[in-house]
Amino acid sequence: EPVAKYGTLDVTFDYDSQEQKLLVTVTAVTDIPTYSRTGGSSWQVHLVLLPIKKQRAKTTVQRGPCPVFTETFKFNHVESEMIGNYAVRFRLYSVRRVKKERIVGEKIFYLTKLNLQGKMSVPVILEPSYSLSGCDSQMSMSEVSCSESTSSCQSLVHGSAPEILIGLLYNATTGRLSAEVIKGSHFKNLAANRPPNTYVKLTLLNSMGQEMSKCKTSIRRGQPNPVYKETFVFQVALFQLSDVTLILSVYNKRSMKRKEMIGWISLGLNSSGEDELNHWTEMKESKGQQVCRWHTLLES
């Protein structure tokens, strides 16, 4: 099987353990997919230091099939004794005038591979990006491989079961649980042959099944794959976190008073499935980083 090309970056790492700084030089990109596949002939590389994501950089935009950048970026406070915990995520974007920039490929390069002193030049071979808009800037380290999240990429490509992309984040210091409703896919209008008008309702229950809080997104009209990008914050103390259940229900609003449920999932104490329970567990272990996952909706 020929390997699909998503771009290869020519990168030089230069690490200074005394100054605790990392210099990353992006020289050029080769093996870019053909023009028709990406729809662009202008290119830009974005870099971010993981896992904190506070330090970011991007190259200038360069044109042509083999763009040359030769730009150096500095990342500070990279402690040598902690080097194994750091990684640099590279993303190649095709930049178009009319539409938004589009991600072509990405790679997370773990700094465990670095020489702790001196320069090191490596080809960084990009892979297809599985992040979907919304989680794009807040992927957790666990989201590196698509295969870990069984339903997500498979059914996006093959199936037609309705799915929802949710981002969860918990801040133990403030006791704030943030749930971002990012987007849906394959939402259907059961009664009519046209795309549905949908919204998502979020309900937080305590261990006794009593309602603690509820809220809902605004309505997205006539969209089978709606993008919501709405975040809701619930106050949940750390000791309560294992005892609450968050239910997300997707409704199709048909007329003034009628609505029908497209499907639902629950996360937390009474999770509706293993994927949902795993997502909740990952959120608790991710120390304030957002964790995004696709979930297949259960029929009402």
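The structure presented is a predicted model; accordingly, all values stated were derived computationally and were not measured. (Residues numbered from 1 in each chain as written. Predicted model: local features only at pLDDT ≥ 70, side-chain atom pairs only at ≥ 80, totals over all residues. Heavy atoms only, no water.)

1. Points about the side chain of Thr12
With respect to the element layout, Thr12 can be found in strand 1 (residues 8–16). Polar contacts involving the side chain of Thr12 include one to the side chain of Ser121, which spans 2.9 Å. Excluding its chain neighbours within four sequence positions, the residues that come into contact with Thr12 are Leu23, Val24, Thr25, Lys119, Met120 and Ser121. (Helix = DSSP H or I, 4+ residues; strand = E, 2+ residues; numbered from the N terminus. Polar contact = N/O pair within 3.5 Å; in protein donor to acceptor, adjacent residues only side chain to side chain. Contact = heavy atoms within 4.5 Å.)

2. Things to note about the environment of Val61
In this fold, Val61 is placed in the loop between strand 4 (56–58) and strand 5 (62–63). When the C-alpha positions of Val61 and Val45 are compared, they lie 8.1 Å apart, and in sequence the two are 16 residues distant.

3. What about the nonpolar core?
Residues Phe13, Leu22, Phe90 and Leu111 are the most contacted members of the largest nonpolar core, which totals 31 residues. Sorting the residues of this core by element identifies strand 1, strand 2 (21–30), strand 3 (42–50), strand 6 (68–75), strand 7 (87–94), strand 8 (102–110) and strand 9 (117–125) as the ones contributing at least two each. Once residues within four sequence positions are removed from consideration, Leu111 is found in contact with Phe13, Leu22, Leu49, Val78, Ile83, Tyr86, Ala87 and Val88. By size, the runner-up hydrophobic cluster in this structure holds 26 residues, among which are Leu177, Leu246, Leu248 and Leu267. (Core = buried A, V, L, I, M, F, W, Y, C linked by side-chain atoms within 4.5 Å. Buried < 20%, exposed > 50% of the residue type's maximum accessible area, 1.4 Å probe, protein only.)

4. Looking at the confidence of the model for the protein
Mean pLDDT over the protein works out to 82, with 82% of the residues at or above the 70 mark. Looking at the elements of the protein, mean pLDDT is at its lowest for helix 2 (residues 150–157), recorded as 37, and at its highest for strand 12 (residues 198–205), recorded as 96. Below pLDDT 50 for its whole length, residues 131–159 participates in 68 contacts with residues either more than four positions away or in separate chains. (pLDDT = per-residue confidence, 0-100.)

5. Examining the packing of aromatic side chains
Taken as a whole, this structure holds 3 aromatic pairs when the rule is applied. An angle of 75 degrees between the planes, with centres 6.2 Å apart, marks the rings of Phe13 and Phe90 as edge-to-face. One end of the pair, Phe13, is in strand 1; the other, Phe90, is in strand 7, with 77 residues separating them in the sequence. Exposure class is identical for Phe13 and Phe90. Each is buried. Pairing Tyr199 with Tyr251 gives two aromatic rings, centres 5.5 Å apart and planes at 25 degrees, and the pair type is stacked. Within this pair, whereas Tyr199 is found in strand 12, its partner Tyr251 is found in strand 15 (residues 245–253), the two being separated by 52 residues in sequence. Geometry around Tyr251 places Lys259 over its ring, the cationic atom sitting 4.5 Å from the centre. (Phe/Tyr/Trp six-rings, centres within 6.5 Å; stacked < 30°, edge-to-face > 60°. Lys NZ or Arg CZ within 6 Å of the ring centre and 35° of its normal.)

6. Comments concerning unusual backbone geometry
At the junction of Leu50 and Pro51, the peptide bond is cis and its omega measures out at 5 degrees in the coordinates. Notably, Lys53 is not glycine yet its phi reads approximately 70 degrees, a positive angle. Looking at where Lys53 falls in the secondary structure, it is placed in the loop between strand 3 and strand 4. One non-glycine residue with positive phi stands out, namely Thr70, at about 45 degrees. Within the element layout of this structure, Thr70 appears in strand 6. Residue classification places Thr70 among the exposed positions, given a relative accessible area of 51%.

7. As for the sheet that holds strand 13 (residues 211–216)
Spatially, 4 strands are ordered 13-12-15-16 in an open sheet, and the strand pairing comes out antiparallel. At either end of the open sheet lies a strand with only one pairing partner, and these are strand 13 and strand 16 (259–268). Between one strand and the next, the sheet's axes are offset by a mean angle of 20 degrees, whatever the strand orientation. Relative to strand 15, strand 12 runs antiparallel, the two being bridged by 8 bridges. Across the sheet, Lys201 pairs through a bridge with Ser249, a residue of strand 15. (Pairing = 2+ DSSP bridges. Axes fitted to C-alpha atoms, helices over the stretch in contact; angles between N-to-C directions.)

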